[in-house]
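The primary structure of each chain is shown beneath.
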Protein chains: 2
Amino acid sequence: MKIYDISVTISPNLPVWPGDPAVDLHQTDFMDKGAPCNLTFLALNVHAGTHVDAPHHFMNDGRTVENLPLDALAGPAFVLHLPDSVNIVTAAILETSDIPPGAERLLFRTRNSAIWQRGEQVFQKGFVAIAPDAAEWVVRRGVKLVGIDYLSVAAFGDPLPTHETLLKAGVVAVEGLDLSRVPQGRYQLYCLPLKLRGADGAPARAILVG
Amino acid sequence: MKIYDISVTISPNLPVWPGDPAVDLHQTDFMDKGAPCNLTFLALNVHAGTHVDAPHHFMNDGRTVENLPLDALAGPAFVLHLPDSVNIVTAAILETSDIPPGAERLLFRTRNSAIWQRGEQVFQKGFVAIAPDAAEWVVRRGVKLVGIDYLSVAAFGDPLPTHETLLKAGVVAVEGLDLSRVPQGRYQLYCLPLKLRGADGAPARAILVG
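Residues numbered from 1 in each chain as written. Chains lettered and ligands numbered in written order. Predicted model: local features only at pLDDT ≥ 70, side-chain atom pairs only at ≥ 80, totals over all residues. Heavy atoms only, no water.

Peer 1: Outline the environment of Lys2 of chain A, listing residues and values.
Peer 2: Residues and elements named next belong to chain A. Here Lys2 is to be found in the segment before strand 1 (3-5). You can call Lys2 partly exposed: its relative accessible area is 46%. When the C-alpha atoms of Lys2 and Leu208 are compared, they prove to be 8.2 Å apart, with 206 residues separating the residues in sequence. If we ignore the near neighbours within four places in the chain, the residues touching Lys2 are Leu208, Val209 and Gly210. (Helix = DSSP H or I, 4+ residues; strand = E, 2+ residues; numbered from the N terminus. Buried < 20%, exposed > 50% of the residue type's maximum accessible area, 1.4 Å probe, protein only. Contact = heavy atoms within 4.5 Å.)

Rendered as C-alpha cells:
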C-alpha cells in the first residue's frame, strides 16, 4: 500500500488565476527573536492551489463547500492518463478510454501535471481542460467527483458550460491536482477540503492510496 | 461504513488563541452583483480551528508542516472517551484506559468537545489538555499521532513541556478536533493538513471512517 500526495505545495510562488491575489504565507512570530513559539499566517483566495469547487462557485443556490458530501470526497477513484497531444478532454475521448464501468470518481492526468513539476510560477492559459460534452458524459455516468491537474476544470475564457454542468448535477470539481507521479489505475481517494462556512470552494489536501 | 467529520467549521466566529487574529472569511465577488462567479477569501493563523502542529512550531530544526509523513496522518486510530471529571489527561489515566496495545494514533474525547457543540465563540482557558507525563507515555508507546478536542495539546499557560515532548519525538499533534459524535473505539483516520511550504502548522480537515 502506497500513499500518493496529489496536492501542490502552497507558497507565495504558486501561480494563481489572473486577477486573484497572490498567496500570502509568512511567519509572524519567531522563536529566534524571543517568541515562545513560531507562528505562520496564511491568506488566499479559496481557489488557490489544489482545491474543490462547490456549486455556489457558479450558482446561487446555497450549496456551499462545508456541505459537500464526504462520501463523494472519499472513496474509490480511477486515474486516467491522457497523452500530451490532448488539448481538451472530450466525450469522444472518454467514450473510448480505459475508464472502468461504474467508476464514481475520475481524475484526469494530462500534460498539465508537468507544469507543476517544472515549478512554473506564471499562470498558464493554455492548460488542458474538460470540454462541456465531457462534463455531460461525466454527469450521465453518475460520477460523483471529477479532478483535473490545473487550476480549472473548464478551458480558460470559457468557464461557464463545464462548471455549470458539473456543479448543477452536484459533481464535486477538484482542481489544481498534481498527478505527475501517479500511474493510471484504481485507487482510494481522500480529498479533504477545509470546512469553510458559506464558501464557494476550499483549498484541499488530496491523497491517493493504492 | 460510516464517515465522521471531526473538523470544526471555520468562520469568523471561531474562537482563536488569545493574541491570534480572528479568522477572516468573506466573499469578495458576487454573481448577484454581476461577477462571473462567486469568490471567497480566507485569512487565518495556521493554528485556527482543526489543525496540526509541526515540530517547527516549538523547535527550529527545519521540520515544517509540508513534510509531515502522510503515513502518520492516515491510518488506524483509537478514540478514547474520558469522563467529564477529567481536568487533564495524565499518564496514570492512560495506563489504566482501554487503549489497545500497539495503537499508533490516539484521539482523546474530553468534555472539550461540548464547547464546540455549544457554539462557544469565546476562547476557553480551562480546556482539558495532555499532561507532560502523558506526552511521555505516548512517545514511549511509539504513537505517531495524538489528537485533542480543543485548541492545544498542552494546558493553557504551560505550553512547552507537552508540545516539546511530542514534537521532538516526531509525534504529530492534532488540535481543535470535535469528537462529540464519535463513539469510543477503532477507526481509520484521515487527517489532511494543507500543504503549506515552510509553515509550523496547518489547518486540516479530519475524518474518521469506521
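Peer 1: Describe helix 4 (residues 132-140) of chain B, naming the residues involved and giving the relevant values.
Peer 2: Residues and elements named next belong to chain B. Listing the buried residues of helix 4 in full gives Ala134, Ala135, Trp137 and Val138. Viewed along the axis of helix 4, the buried residues span an arc of 155°, placing them on a single side of the element. Looking at the packing, one finds that the buried side of helix 4 touches strand 6 (88-89), helix 2 (91-95), strand 7 (105-109), strand 8 (129-130), strand 9 (145-148) and helix 5 (160-168). One or two steps after helix 4, the chain reaches Gly142, where phi turns positive at roughly 75°. (Arc of directions from axis to C-beta.)

Peer 1: Give a description of the relation of the copies chain B and chain A that names residues and reports values.
Peer 2: Mapping chain B onto chain A calls for a rotation angle of 180° and an axial translation of 0.0 Å; the resulting RMSD is 0.0 Å. Taken together, the rotation and translation relating the two chain copies correspond to the operation of a two-fold axis. No C-alpha of chain B approaches the rotation axis more nearly than that of Ala43 of chain B, which lies at 2.0 Å. When the interface residues of chain B are mapped onto chain A, 100% of them again fall at the interface, so both copies present the same face. (Least-squares fit on C-alpha atoms with pLDDT ≥ 70 in both.)

Peer 1: Lay out the pairing of strand 3 (residues 39-45) of chain A with the relevant residues and their values.
Peer 2: Most of strand 3 of chain A is tucked away: 7 of the 7 residues are buried. The side-chain alternation of strand 3 of chain A yields two buried faces, one formed by Leu39, Phe41, Ala43 and Asn45 of chain A and the other by Thr40, Leu42 and Leu44 of chain A. By the bridge criterion, 5 bridges tie strand 2 (residues 24-29) of chain A to strand 3 of chain A in an arrangement that is antiparallel. Within strand 3 of chain A, the residue paired with Gln27 of chain A across the bridge is Thr40 of chain A. When strand 3 of chain A meets strand 3 (residues 39-45) of chain B, the two strands line up antiparallel, connected through 5 bridges. In the strand pairing of strand 3 of chain B, Phe41 of chain A is matched with Asn45 of chain B. (Pairing = 2+ DSSP bridges.)

Peer 1: Break down the packing of aromatic side chains for me, citing the residues and quoting the values.
Peer 2: What the rule picks out here adds up to 19 aromatic pairs over all chains. A ring pair is formed by Phe123 of chain A and Phe127 of chain A, whose centres lie 6.2 Å apart and whose planes are at 75°; its orientation type is edge-to-face. Residue class for Phe123 of chain A comes out buried when judged on its relative accessible area of 13%. We classify Phe127 of chain A as buried; its relative accessible area is 5%. An angle of 45° between the planes, with centres 5.7 Å apart, marks the rings of Phe123 of chain B and Tyr150 of chain B as tilted. Linking Phe123 of chain B in the loop between helix 3 (113-118) and strand 8 with Tyr150 of chain B in the loop between strand 9 and helix 5, this pair joins segments that are 27 residues apart in sequence. For the pair Phe123 of chain B and Tyr150 of chain B, a shared accessibility class is recorded, and that class is buried. These aromatic residues form a ring-pair network of at least three members: Trp17, Trp116, Phe123, Phe127, Tyr150 and Phe156 of chain A. Sitting above the plane of the Phe30 of chain A ring, Lys33 of chain A keeps its charged end 4.4 Å from the centroid. (Phe/Tyr/Trp six-rings, centres within 6.5 Å; stacked < 30°, edge-to-face > 60°. Lys NZ or Arg CZ within 6 Å of the ring centre and 35° of its normal.)

Peer 1: Run through the interface of chain B and chain A, naming residues and quoting values.
Peer 2: Every contact between the two is made by 49 residues of chain B and, on the other side, 49 residues of chain A. At the boundary of chain B with chain A, total buried surface from both sides reaches about 4,600 Å², with 61% on carbon and sulfur atoms. Counting the surface chain B buries against chain A, the share from its top three residues, Lys195, Arg197 and Arg205 of chain B, is 17%. Summed over the shared surface of chain B and chain A, the number is 2 salt bridges. The partner of Asp5 of chain B in a salt bridge is Lys195 of chain A, and the shortest N-O contact between them spans 3.2 Å. (Buried area = accessible area lost by both parts, 1.4 Å probe. Salt bridge = Lys/Arg side-chain N within 4 Å of Asp/Glu carboxyl O.)

Peer 1: Requested: an account of the sheet that holds strand 3 of chain A, with residues and values cited.
Peer 2: With respect to topology, 4 strands assemble into an open sheet ordered 2(A)-3(A)-3(B)-2(B), the strand pairing being antiparallel. Of all strands in the sheet, those bounded by a partner on one side alone are strand 2 of chain A together with strand 2 (24-29) of chain B. On average, each strand axis in the sheet is inclined to that of its neighbour by 15°, with strand direction left out of account. (Axes fitted to C-alpha atoms, helices over the stretch in contact; angles between N-to-C directions.)

Peer 1: Lay out helix 5 (residues 160-168) of chain A in plain terms, naming residues and giving numbers.
Peer 2: Residue and element names in this part refer to chain A. Taken together, the buried positions of helix 5 are Thr162, His163, Leu166 and Leu167. Along helix 5, the residues classed as buried sweep out an arc of 110° about the axis, all on the same side. Close packing links the buried residues of helix 5 with strand 4 (51-53), strand 8 (129-130), helix 4 (132-140), strand 9 (145-148) and strand 10 (172-175). A positive backbone phi angle near 80° is found at Gly170, which sits one or two residues after helix 5.

Peer 1: Give a detailed account of the confidence of the model for chain A, specifying residues and quantitative values.
Peer 2: Residues and elements named next belong to chain A. When pLDDT is averaged along chain A, the result is 98, and 100% of the positions lie at 70 or above. Taken element by element, chain A is modelled with least confidence in helix 3 (residues 113-118), mean pLDDT 97, and with most confidence in strand 12 (residues 201-209), mean pLDDT 99. Both scores are given for the predicted complex: the pTM is 0.98, the ipTM 0.98. (pLDDT = per-residue confidence, 0-100.)

Peer 1: Can you tell me about the side chain of His163 of chain A, naming the residues and giving the values?
Peer 2: Residue and element names in this part refer to chain A. Its place among the elements puts His163 in helix 5. His163 gets classed as buried once you look at its relative accessible area, which sits at 3%. Once residues lying within four places of it in the same chain are set aside, the contact partners of His163 are Asp53, His57, Phe58, Ser152, Val153, Ala154, Lys168 and Glu175.

Peer 1: Run through the packing of helix 4 of chain B against helix 5 of chain B, naming residues and quoting values.
Peer 2: Residues and elements named next belong to chain B. Following both chains from N to C, one finds helix 4 and helix 5 inclined at 5°, their axes separated by 8 Å at the closest point. Between helix 4 and helix 5, the angle falls in the class roughly parallel. Residues Pro132, Ala135, Glu136, Val138 and Val139 of helix 4 touch helix 5, and the partners they reach there are Pro161, Thr162, Thr165 and Leu166. When the residues that make up the contact of helix 4 with helix 5 are grouped by side-chain class, the tally is 6 nonpolar, 2 polar and 1 charged. (Parallel < 35°, antiparallel > 145°, perpendicular 65-115°, else oblique. Nonpolar A, V, L, I, M, F, W, Y, C, P; charged D, E, K, R; others polar.)

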